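Secondary and tertiary structure notes
Listed below are the residues making up each chain.
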Amino acid sequence: MTSPRILIVDDEADLRELLEITLVKMGLDIDSASDLATARDYLKQHEYALVLTDMRLPDGLGIELVQEITAQYKNTPVAVITAFGSADNAVVALKAGAFDYLSKPVGLEQLRVMVRSALRISQFDEQPSVKVAVTPALRLMGQSAAMQALRAQIARLARSMAPVAISGESGSGKELAARDIHAQSGRSDKPFVAVNCGAIPEALMEAEFFGYRKGAFTGAVDDRDGFFQAANGGTLLLDEVADLPLAMQVKLLRAIQERRVRKVGATVEEPVDVRIISATHQNLLDCVGRGTFRQDLYYRLNVIELNLPPLRERLDDIALLAQAILTRLDTEPVSLAPAALDALLDYSFPGNVRELENILERALAFANDGVIEVGDLVLKAAYTPKTVAVAEAEQSVAALAESKVVVQDAPALTAINDIPGSLPDHLDDVEREIIRRALSKTQFNRTQAAELLGISFRQLRYRMQRLDINAPE
Ligand SMILES: Nc1ncnc2c1ncn2[C@@H]1O[C@H](COP(=O)(O)OP(=O)(O)OP(=O)(O)O)[C@@H](O)[C@H]1O
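The rules behind the values
Residues numbered from 1 in each chain as written. Predicted model: local features only at pLDDT ≥ 70, side-chain atom pairs only at ≥ 80, totals over all residues. Helix = DSSP H or I, 4+ residues; strand = E, 2+ residues; numbered from the N terminus. Buried ≥ 20, exposed ≤ 12 C-beta atoms within 10 Å, placed from the backbone. Contact = placed C-beta atoms within 7 Å. Expected span 1.5 Å × (residues − 1). Arc of directions from axis to C-beta. pLDDT = per-residue confidence, 0-100. Near = placed C-beta within 6 Å. Nonpolar A, V, L, I, M, F, W, Y, C, P; charged D, E, K, R; others polar. Domains from an automatic or database assignment. Pairing = 2+ DSSP bridges. Right-handed = clockwise from strand over helix to strand, strands pointing away. Axes fitted to C-alpha atoms, helices over the stretch in contact; angles between N-to-C directions. Parallel < 35°, antiparallel > 145°, perpendicular 65-115°, else oblique. Left-handed = near helix turned anticlockwise from the far one by under 90°.

Per an unreviewed UniProt entry, the chain goes by the name Sigma-54-dependent Fis family transcriptional regulator and belongs to Herminiimonas contaminans.

Laid out in structure tokens, this is it:
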């Protein structure tokens, strides 16, 4: 078996030698070129598992080589070596198709990590069956032109280390897209860690991201890894990245640039090899404009942009997605009546695919004989652009019926002095209170409570789940 072959392109003899020695020790075959012309000759003769090029060369720029390799040798990962402090060059190279970069002075551990990532990419090309085995459950579904283009883009950028910034409305599939990138990358056998940046208390952020040493603060009884260490070798998704406080943004920028982190209470930094993907439903550039998001971090994260189109702009996908969701939710075959599908096609889905999932989950509880009818869908009238008058009327009747029950059964809840700020939330509160009362009347016997409320057991169970009503301990 032959060793993977690496091409080093650098005119500094000392650095070239250092790189050669390190890579030979890793059991790799090395070719070295001191200028672009020699590198081009080598590329014609051999297939490389990695090309590593300096940016400034006697007969041109490394970026030219990046562009040529990206266009002509699609299976060859290329990485660049950038001068100290020239973060801009790294971003330019990543945008041009480089899979990764190293900054001078070149850290040998970082070099090894990068080379291993590149080898994983090349190996991956030789074993397409692995790809097939790992990805199907994670794939973004949809046959619309937009989804097909998105999947092609994901396949391309899965081969790179470049940071990806995913934008799109809530529920449109941003996390799924990030998982998909990871699953198709050479990092798929390493962890994918998704962090909701808006959900971590500010005081704990540094410890959560970078870990801490025993005794660093009260309660730190052991050494603990943070998200960066947990994602080592794999991918870290910074979800709702716009919610990061400014102080944390500075630390994050540093960790991404240096590829090193320091645990809280530690004296030394440790190298980490993490691919960063960020996601937000907000417009990050607006956040930069408002001063709530640092421009340098924005620039660093936004090397490649991926936009998830809202579901209402890819109506072609609705039937397929609905059927896939129904198959996942129910073991028995269920179908959508043609009128129900039409109603979905008319709906604007402010909550995108997640809302479609919720609508169908609820509809399943009401459906009879394995067919979901329009009335089972209960779409939010306010968001229905071409509202079917009948559906609206049905919803008003249903809402009225619910408030009537309240009048008889829950006097405290009927004293509506103000218009509620959110009608759905208010109705949820009312419904929750009624169900709680029925359950307490029946000592939490759900079958009897369902009878009392005039609904099926399944409907009650669904409503309890939705409203987060649990049995007492
Ligand atoms: N194209 C798709 N194919 C199949 N399932 C999808 C698709 N897009 C989204 N989903 C499903 O919709 C739900 C929401 O997706 P996801 O969490 O990725 O959205 P998001 O944009 O990250 O949401 P949020 O902004 O709220 O974090 C998930 O259950 C996901 O599996």
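**Overview of the overall build of the chain**
When helices and strands are tallied, the chain shows 22 helices and 16 strands. When each of the 473 residues of the chain is scored for burial, the buried share is 33%. Of all intrachain contacts in the chain linking residues separated by at least 6 positions in sequence, the fraction that spans at least 24 positions is 70%.

**Thoughts on helix H16 (residues 352-366)**
Here H16 contains 15 residues, and its C-alpha end-to-end distance of 22 Å stays within 8% of the 21 Å for a straight helix at 1.5 Å per residue. Among all positions in H16, only Asn352, Val353, Leu356, Ile359, Leu360 and Ala363 are buried. Down the axis of H16, the sector holding all buried residues measures 115 degrees, keeping them to one side. Among the structural elements, helix H14 (318-329), strand E16 (371-372) and helix H17 (374-377) are those in contact with the buried residues of H16.

**What about the confidence of the model for the chain?**
Mean pLDDT over the chain works out to 83, with 86% of the residues at or above the 70 mark. Taken element by element, the predicted model of the chain shows its lowest mean pLDDT in helix H6 (residues 128-134) (34) and its highest in strand E13 (residues 275-280) (96). Contacts for the low-pLDDT stretch residues 124-137, under 50 throughout, to residues beyond four places or in other chains number nine contacts. Long-range and interchain partners of residues 382-414, a stretch whose pLDDT sits below 50, account for 37 contacts in this model, where long-range means more than four residues apart.

**Overview of the environment of Asp14**
Here Asp14 lies in helix H1 (residues 13-25). By C-beta crowding, Asp14 is classed as exposed, having 8 other C-beta atoms within 10 Å. Distance from Asp14 to Asp317, taken between C-alpha atoms, is 56 Å for residues 303 residues apart in sequence.

**Section: the environment of Val274**
When you line up the elements, Val274 lands in the loop between strand E12 (270-271) and E13. When the 24 C-beta atoms within 10 Å are taken as the criterion, Val274 is described as buried. Residues Val274 and Ser185, 89 residues apart in the sequence, show an inter-C-alpha distance of 12 Å. What Val274 contacts, discounting residues up to four positions off in sequence, is Phe228, Ala231, Asn232, Gly234 and Leu236.

**Comments concerning the site of the ligand**
Residues in contact with the ligand amount to 18 residues; listed here are only the nearest, Met141, Gly173, Lys174, Glu175 and Val353. Only helix H8 (174-184) and H16 provide two or more residues apiece to the shell around the ligand. Here the residues of the shell around the ligand sort into six nonpolar, seven polar and five charged. Three or more residues apiece are contributed to the shell around the ligand by two domains, here domain 2 (129-309) and domain 3 (311-387).

**What to know about helix H11 (residues 246-258)**
For H11, built from 13 residues, the straight-helix expectation of 18 Å at 1.5 Å per residue is met to within 8% by its first-to-last C-alpha distance of 19 Å. Along H11, the residues classified as buried are Leu252, Ala255 and Ile256. Seen along its axis, H11 keeps its buried residues to an arc of 95 degrees; they face one direction. With respect to the buried face of H11, the exposed residues turned more than 90 degrees away are Leu246 and Ala247. Where H11 is buried, its residues meet helix H10 (227-230), strand E11 (260-261), E13 and helix H13 (295-301).

**Some details on the pairing of strand E2 (residues 29-33)**
Bridging between strand E1 (residues 5-9) and E2 involves five bridges; their strand directions are parallel. Paired with Ile6 across the two strands is Ile30, which belongs to E2. In terms of handedness, the path from E1 via H1 over to E2 forms a crossover that is right-handed.

**So, the packing of H14 against H16**
As a packed pair, H14 and H16 sit with axes 10 Å apart at the nearest point and diverge in direction by 55 degrees. On the basis of their axis angle, the class for H14 and H16 is oblique. As for the relative orientation of H14 and H16, their crossing is right-handed in sense. Between H14 and H16, the residues in contact are Leu321, Ala322, Ile325, Leu326 and Leu329 and Val353, Leu356, Glu357, Leu360, Glu361 and Leu364, respectively.

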